[in-house]
Amino acid sequence: MAAPKLRSEKVFWIRKVIALYSIILVVCVGYPWFLYTTSVHRANLPIDDLNDAIQQLNNVRVCTSVFVDAEEDFISQAQLVLDSKLATEHPALNDYWSLKLIPLVDSTILDSREDYQVLFGRVDEPVGASSVTLDDKVLVFEKSFSEMDSRAIQEQLADALVNEVFEQEIEHFEATKSSHPEKSNVVIPYSSKYNLIFSLFVEDGHPVSWDTQTIQDLLSPLLDSLQHYANFTISTQVQYYSKLNIKSEFDEKSNTYKVKESDLSNFINFGDWNLNTNDINPSINFIIYYPSSNHQNLPMVIENSETNSFLVPQYGGLHIFNKKIDILTDDNEVYICDVELIEIMEIFSSQLFKLLGVPSKSSQNLPVRVDALTKLSILNNLQHSIKTLSSLIKLTNELHEISVPELTKDFVNKSLQSVRTSIHYLMSQNFKGAMVESSIALKNSISAFFDKDIVQQVYFPSEHKLAVFLPLLGPLCSILLFSTLRLIKELRK
Amino acid sequence: MIHQVIALIALICGIHANNNFYNESLSLTPLARNNLLANFNFEIKSLPKHLSYYNESNDKDSIADASHYTYFPRSIGPLLEKTNTRELHLRFAQGWWDSESWGSLPVNGSKSGGTGVEVWAVIEAPTSKEALKSWSKLAVSLSAFFCASLNFIDESITTFPINAFNPDTSSFSADPANKLFLLRAAMPSEPICTENLTPFIKLLPTRGKAGISSLLDGHRVFDSLWNSMSIDIQTECDDESEACNFKMDQSISVIVDVMRSLRKKENGPIPKPVEGDKLQCDKSRGYSVWQCFPLGLPTEITYSLRDVFGRPINGGPFSSQGVPVTVNFKAEGWDISFKDGMNKVVSLSENDSTYTILGDDEVNIDFKASDSSKTVGLQTAPLHASRSLTGYSQDKGGFRVVFENPGDSAISFVYFESLPWFIRLYLSTMKATSKGQTGTYQEVDSSEYVTLSHYQPAIDRKRPSHMELLVTVPAKETLTLHYEFDKSLLLYAEYPPDANHGFSVEPAVITVLDTNQKKVYELRTTSSLVVLPTPDFSMPYNVIILTGTVISLAFGSLYNLLIKDVITEEEFEKFAAQSKLRKLRAKIKSLKSFLKSK
């Protein structure tokens, strides 16, 4: 039964229009306004670019040129031999890693430390079987062409390249291709800058000095060869009164103080020795421990260690120093001279290589090993950057509450740009350039991920927003809702 | 063969070679009222190195730039280099120096801080903006290093002092195009404790294991009447070789209440009431079971260094190096002797009051006093100064600073004061009163005594106010300055968690100058605690809820007025008669009456 109309039709409709206006205003202006003012800024991350880069990275082929001093016919045949050898012996590589033989035209433009070369000895002495020597990156066959048939030489060449020069590299590349790449827990995560800290820890208060210039001189050729890989800062320090946490036992048979192998994990007294560095870049610590037993002219030795040293994974190395020459009196300053240091620095440099992840095979020489490290690190860095960026995008997609600042987008773009450049360099065999770019890519991807704004917003949940706005919006919305229901009901009639 | 020769040379050179890179010394002075002043001094030099300007954009080190550290700590060197700091001064202090009974501060106050932490540094930079950037980087690194909240140092508390803190030596800059900036900040509410002492000791090459630093135990140092730690790092350059090195002076001064230390040794750290029969009563005055006037402090006392610091000195710092320990005392009241591990006893005389500790043996010092009130005493301070707050309202207040010149000649000094921006100082309100030898206070013209040398007003949240006054006080006169300020309101988020505790105002620094305008003495007033108007912190939520309710009430009634009809009561009755409920009631009624009629 309809209610009797009291007011004119006009007034009735004006009221309805007002109600409708309010509803439209709230829905079309108020609600978007509320969304806009309470939203968090989310920059558009370049997902397509990232997918592109992933695609590019998957299609990466690492090819290394080898300059061969021979006829083109010979080289093309040798290439076939080499390819079939790689395919049969290392099927996992499957084009991912390859060698390209190129005729050597002008040897003067090549650098023996930069480019791989194969030379054939023009020595006229046909003595013994063919011997192969590797000097820097130059492979020299001491036999000349005339003496052997070319097929044998080609096979020998392929064998030398695959099983000698590039053996370690191939092994590592195969490992990265396998389904479960082995992660070494010794290697320090890559950084474009490392601090090398050489510390002399003296057990007591006897002044000891050392030749720091020698350390610098001995290390500089080594670090020069790693220049494109990372930047190294050297510093040295001497610390006194560095007591050990552990007890060394005196062994009367050998007249030495023995440090048990099981005690080595507690050898470095982290709490007491001043080892902390207030630096953002990772530090690699090399410690020379100078025990006070030196003053009794008794050595302190580590059980089962030829070099009297040990490696601390992802941290550094330690060597216990025993003075060979007897110390005459107590009052003098003891001096560690350069001859003694050379020995120690040899231990430390091999430890440094282990910590950096340089393929270790003593038969290979430095440039070849560094080269392998470079190539592996490029791929590692690129994979790491892509992984970080993918995680970032996954994170932002999953958490809708967190903000994505423009700065993050910039970092992502820069990182992707470097990834592309690095891949480009890698394909064109500019390994040093690729290394530098890949480290920039890694750095930028990490900066993008660890932006403080991203983390901060996670701690401001939407419940907070609700708690603040509910006292205002609750009553308003309920009034509007009921009036709308009434409106619909009345209009139906 | 060559290395043997080198080793031999080193051997020869090494014999009794004086250690130029590290020195330490200790001086002990018994004071009146059975207090003991101990001054620890450590001096460390770094190896010379070429001075270079560090630029963040060009952060590539060549291997030749290696830095080597021997006695100077490696932990602090790179920090200074990366912020281009040429001079760094840190002060950590606690307690109040009673200059009227103790005299002048040790080392003429040049190593003593005011309450809390104070830091000033000379930073090389092309512009003041760059300098501020390096400064905040330095502050953050130092805060991590010293476990102090120095990371809160920002523009709003940093000043660029002009006349105060004038550096003794001219500093060096690596690039002549750059300027040197002196920046300073203080955090008066920072509590100083063991966390700050541990990194301080770790900077020493002996690391508290040998030498006098073995005496430094946090529990003892901070259980003193007054203590001050200081670190002063300066760059020294050799013009010929163009190599520069850092020179670091570390010092700790403490005034220990010996009676308290002895009591603690006997009773443990928790004080216990003295038993009745052990009370020391003045029997010449009223004395009974119920009444006891305590005797004055005992003057005949015996104690050793171990009683005061909890441990003896652990030999010399290095095997071939000794440490001189000086005891300033009066022979007529005191008997001082050094005892080493072999129980060898060396007594000191008033003229030859220094003993050098050598070797690894522990050394203890025995103090025997027949009359402990006979002390050498310290020089009288050239100036006594105190600052206090006046006024009681929430919105304004004032400072009253009293300078007393106990000396026989006029004294001039620079009064440096930096107030936080929320304290709005009015220099126009500055009034001066003076008490001359007549002993009466009279108002004087402040311009006769005070020459304003520098004043920079504060900018909200950007800069503190910075005032440097050049004041002259005639002999035996007391000058009082009084000036007023307004307190301003802070933003909601700017209040610290303990806002009702009040806000500390850093101590004013007074640099006494001689006739040649050279610094001769330095002292600091105490810090002040200003209470600012503090809001009720639940207010924003109350406001949100209240406004929400009011707005929805207003909206609801207005909206209903607009969309609903207004009708009279009669009309309502008509409508109501047609409503379903009325009809139901009418039906029930009729049913009832129908039943009744049955």
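Note that the coordinates shown come from a computational prediction; the quantities given were computed from them, not determined experimentally. (Residues numbered from 1 in each chain as written. Chains lettered and ligands numbered in written order. Predicted model: local features only at pLDDT ≥ 70, side-chain atom pairs only at ≥ 80, totals over all residues.)

Considerations on the overall build of chain A
Put simply, the rule is: To qualify as a helix, a DSSP run of H or I must reach at least 4 residues; to qualify as a strand, a run of E must reach at least 2; elements of each kind are numbered from the N terminus. Partly exposed residues are those whose C-beta has more than 12 but fewer than 20 other C-beta atoms within 10 Å; 20 or more makes a residue buried and 12 or fewer makes it exposed, with C-beta atoms placed from the backbone. By the convention adopted here, residues are in contact when the distance between their C-beta atoms, placed from the backbone, does not exceed 7 Å.
The helix and strand tally for chain A stands at twelve helices and 15 strands. By residue count, 30% of the 493 residues in chain A fall in the buried class. Taking contacts inside chain A between residues at least 6 apart in sequence as the whole, the part at least 24 apart equals 78%.

Quick word on the sheet that holds strand 8 (residues 231-239) of chain A
The condition is simple: For two strands to count as paired, DSSP must find a minimum of two bridges between them. To get an axis, a line is fitted to the C-alpha atoms, and for a helix only the part in contact is used. The angle between two axes follows their N-to-C directions and goes from 0 to 180 degrees.
Strand order in the open sheet made by the six strands is 13(A)-14(A)-11(A)-6(A)-8(A)-4(B), with mixed pairing throughout. Two strands close off the open sheet at either side, each with one partner strand: strand 13 (309-312) of chain A together with strand 4 (67-69) of chain B. Looking at each pair of strands side by side, their axes are set apart by 15° on average, direction ignored. Pairing analysis gives nine bridges linking strand 6 (residues 193-202) of chain A to strand 8 of chain A, with the strands arranged parallel.

Structural notes on the interface of chain A and chain B
Taken residue by residue, the interface counts 46 residues in chain A and 50 residues in chain B. Elements supplying a minimum of two residues to the side of chain A that touches chain B: helix 1 (9-38), helix 6 (212-224), strand 8, helix 7 (338-356) and helix 12 (462-492) of chain A. For the side of chain A that touches chain B, the leading source of residues is strand 8 of chain A, giving eight residues. By the bridge criterion, three bridges tie strand 8 of chain A to strand 4 of chain B in an arrangement that is parallel. Among the inter-strand pairings, Ser-235 of chain A is bridged to a residue of strand 4 of chain B, identified as Ser-67 of chain B.

Focus: the confidence of the model for chain B
Stated formally: What pLDDT expresses is the predictor's confidence in each residue, scored from 0 to 100.
On average, residues of chain B score 86 in pLDDT, and 95% of them reach the 70 mark or higher. Note on residues 5-18 of chain B: pLDDT under 50 across the span, and 14 contacts to partners over four residues away in sequence or across chains.

Quick look at the UniProt feature "transmembrane region" (unreviewed entry) in chain A
Residue and element names in this part refer to chain A. For clarity, the cut-off: UniProt positions are given in the numbering used here, feature names are shortened, and annotations may be inferred rather than shown by experiment.
If you check UniProt for "transmembrane region" (unreviewed entry), the listed places come out as residues 12-34 and 466-488 in our numbering. The straight-line gap between the two end C-alpha atoms of residues 12-34 is 31 Å; of that span, 100% is helix and 0% is strand. A helix fraction of 100% and a strand fraction of 0% characterise residues 466-488, whose end C-alpha atoms lie 29 Å from each other.

Looking at the UniProt feature "transmembrane region" (unreviewed entry) in chain B
Per the UniProt entry, the sites bearing "transmembrane region" (unreviewed entry) are residues 541-562 of chain B in this numbering. Within the segment residues 541-562 of chain B, helix and strand shares are 100% and 0% respectively, and the terminal C-alpha atoms sit 31 Å apart.

Considerations on the sheet that holds strand 12 (residues 300-302) of chain A
Residues and elements named next belong to chain A. Taken together, three strands build an open sheet; the order of strands is 9-10-12 and the sheet is mixed. Edge positions in the sheet fall to strand 9 (249-251) and strand 12, since each of these pairs with one other strand and no more. Between one strand axis and the next, the sheet turns through 40° on average, direction left out of account.

Section: the domain arrangement of chain B
Threshold: For the domains described, the bounds stem from an automatic or database domain assignment.
As far as domains go, chain B holds domain 1 (2-56 + 70-257), domain 2 (261-369), domain 3 (384-530) and domain 4 (543-597). Here the C-alpha centre of domain 3 of chain B lies 40 Å away from the C-alpha centre of domain 2 of chain B.

Observations regarding helix 3 (residues 72-89) of chain A
Structural remark: α-helix, 3.6 residues per turn; residues separated by three or four positions point the same way. Residues and elements named next belong to chain A. Rule in force here: Expected helix span is given by 1.5 Å per residue-to-residue step, counting one fewer step than there are residues. For this quantity, the arc is that covered by the directions from the helix axis to the C-beta atoms.
Helix length check: helix 3, at 18 residues, gives a terminal C-alpha distance of 25 Å against a target of 26 Å (1.5 Å per residue), a fit within 8%. For helix 3, the full list of buried residues reads Ile-75, Ala-78, Leu-82 and Leu-86. Relative to the axis of helix 3, the buried residues are bounded by an arc of 70° and lie together on one face. Residues of helix 3 that are exposed and angled more than 90 degrees away from the buried face: Asp-73, Ser-76, Ser-84 and Thr-88. As for helix 3, its buried residues are in contact with strand 1 (62-68), strand 2 (97-103) and helix 4 (150-165).

Quick look at unusual backbone geometry
Excluding glycine, a negative phi dihedral is what most residues carry, and trans is how most peptide bonds are arranged. Residue and element names in this part refer to chain B. Here the phi dihedral of Arg-33 falls at roughly 60°; this positive angle occurs in a residue that is not glycine. For Arg-33, the position within the fold is in the loop between strand 1 (22-31) and strand 2 (35-45). The class for Arg-33 is partly exposed, based on 16 C-beta atoms found within 10 Å. Look at Asn-84: it is not a glycine, yet its phi comes out positive at around 55°. Position of Asn-84 relative to the elements: it lies in the loop between helix 2 (77-82) and strand 5 (85-95). Given 28 C-beta atoms within 10 Å, Asn-84 falls into the buried group.

Considering the nonpolar core
Selection criterion: We define the nonpolar core as any set of buried residues of the types Ala, Val, Leu, Ile, Met, Phe, Trp, Tyr and Cys, connected via C-beta atoms lying within 7 Å of each other.
Counting residues in each nonpolar core, the largest one holds 119 residues, and the members touching the most others are Ala-121, Leu-150, Leu-383 and Ile-510 of chain B. With residues up to four places along the chain from it excluded, the contact list for Ile-510 of chain B reads Leu-383, Ala-385, Phe-413, Tyr-415 and Leu-523 of chain B. Listed in part, the 51 residues of the second largest apolar core include Ile-153, Ala-372, Leu-379 and Leu-389 of chain A.

Considering the confidence of the model for chain A
Scored by pLDDT, chain A has a mean of 83; 89% of the residues are at 70 or more. For residues 124-129 of chain A, every residue scores under 50 in pLDDT, and the model assigns this stretch one contact once sequence neighbours within four places are set aside.

Considering the pairing of strand 1 of chain A
Residues and elements named next belong to chain A. Filter applied, for reference: If you view a crossover with the strands going away from you and the path from the first strand over the helix to the second runs clockwise, you call it right-handed.
In terms of strand pairing, strand 1 meets strand 2 through seven bridges, oriented parallel. Bridge pairing in strand 2 links Ser-65 to Lys-100. As for the winding sense of the linkage, the β-α-β connection from strand 1 through helix 3 to strand 2 is right-handed. Where strand 1 lies against strand 3 (residues 116-120), three bridges are found, and the strand directions are parallel. Bridged to Val-66 within strand 3 is Tyr-116.

Focus on the packing of helix 3 of chain A against helix 4 of chain A
Between two packed helices, the angle of one axis relative to the other and the distance separating the axes together describe the packing. Residue and element names in this part refer to chain A. The condition that has to hold: Should an angle fall under 35 degrees it is taken as roughly parallel, and over 145 as roughly antiparallel, whereas 65 to 115 is taken as roughly perpendicular and any remaining angle as oblique. In this scheme, a crossing is called left-handed if the near helix is turned counterclockwise away from the far one by less than a right angle; it is called right-handed if the turn is clockwise. Each residue is assigned to one class: nonpolar for Ala, Val, Leu, Ile, Met, Phe, Trp, Tyr, Cys and Pro, charged for Asp, Glu, Lys and Arg, and polar for all the others, Gly among them.
In contact at an axis separation of 9 Å, helix 3 and helix 4 are set at 50° when each is read in the N-to-C sense. With respect to helix 4, the axis of helix 3 lies oblique. Relative to helix 4, the crossing made by helix 3 is right-handed. Of the residues in helix 4, those touching helix 3 at Phe-74, Gln-77, Ala-78, Val-81, Leu-82, Lys-85, Leu-86 and Glu-89 are Ser-150, Gln-154, Glu-155, Leu-157, Ala-158, Leu-161 and Val-162. For the contact of helix 3 with helix 4, the class distribution of residues is nine nonpolar, three polar and three charged.

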